[in-house]
Amino acid sequence: MTFSFSSNAVVYREMPRTIAFARMFCYSTVMSTTTILGRLLDPIALSLTAETAQQVVDYRADEQTQARIDELADKCNEGELTPEERREYDGYISAIDVLTVLQAKARSRLEQHAAT
């Protein structure tokens, strides 16, 4: 499979059109969600001191939570999630998306603090 970028969209070659459309749609949806999260989290990021920004950057899930996420991820990769597990896993993924964007903003905030 090859791809090229054209007008901010990924164009897939050598694959059925439905798959190419689905991948472009998913890519677009993820990018939109990230942009929305970024906008919503901007005011929070601007309020971070250097100390709190570092705490956000350093945040990791506790061992029990990480183990559950890993278990659900493995089951998802094998296609073995129950509907209830799918909802739980989707909740973790949504939370991780928020944390990822917030951590990126916290890193940026740390750079701003270091420059002043």
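Residues numbered from 1 in each chain as written. Predicted model: local features only at pLDDT ≥ 70, side-chain atom pairs only at ≥ 80, totals over all residues. Heavy atoms only, no water.

**Section: the packing of helix H2 (residues 50-58) against helix H4 (residues 83-115)**
To characterise two packed helices, one gives the angle between the axes of the helices and the distance between these axes.
Phase 1 of the analysis: For the pair H2 and H4, the least separation of the axes is 8 Å and the interaxial angle reads 145°. H2 and H4 meet at a crossing whose hand is left-handed. Only Leu 102, Gln 103, Ala 106, Arg 107, Arg 109, Leu 110 and His 113 of H4 make contact with H2, whose side of the interface consists of Ala 50, Ala 53, Gln 54, Val 56 and Val 57.
Phase 2 of the analysis: The residue makeup of the contact of H2 with H4, split by class, is seven nonpolar, three polar and two charged. (Axes fitted to C-alpha atoms, helices over the stretch in contact; angles between N-to-C directions. Helix = DSSP H or I, 4+ residues; strand = E, 2+ residues; numbered from the N terminus. Left-handed = near helix turned anticlockwise from the far one by under 90°. Contact = heavy atoms within 4.5 Å. Nonpolar A, V, L, I, M, F, W, Y, C, P; charged D, E, K, R; others polar.)

**Quick look at the nonpolar core**
Phase 1 of the analysis: Core analysis: the largest hydrophobic core is formed by 10 residues, namely Leu 37, Leu 41, Leu 48, Ala 53, Val 56, Val 57, Val 101, Leu 102, Ala 106 and Leu 110.
Phase 2 of the analysis: Elements that contribute at least two residues to this core include exactly helix H1 (17-46), H2 and H4.
Phase 3 of the analysis: Element by element, the count of residues in this core is highest for H4, at four residues.
Phase 4 of the analysis: Apart from residues lying up to four places away in sequence, Val 101 is in contact with Thr 34, Leu 37, Gly 38 and Leu 41. (Core = buried A, V, L, I, M, F, W, Y, C linked by side-chain atoms within 4.5 Å. Buried < 20%, exposed > 50% of the residue type's maximum accessible area, 1.4 Å probe, protein only.)

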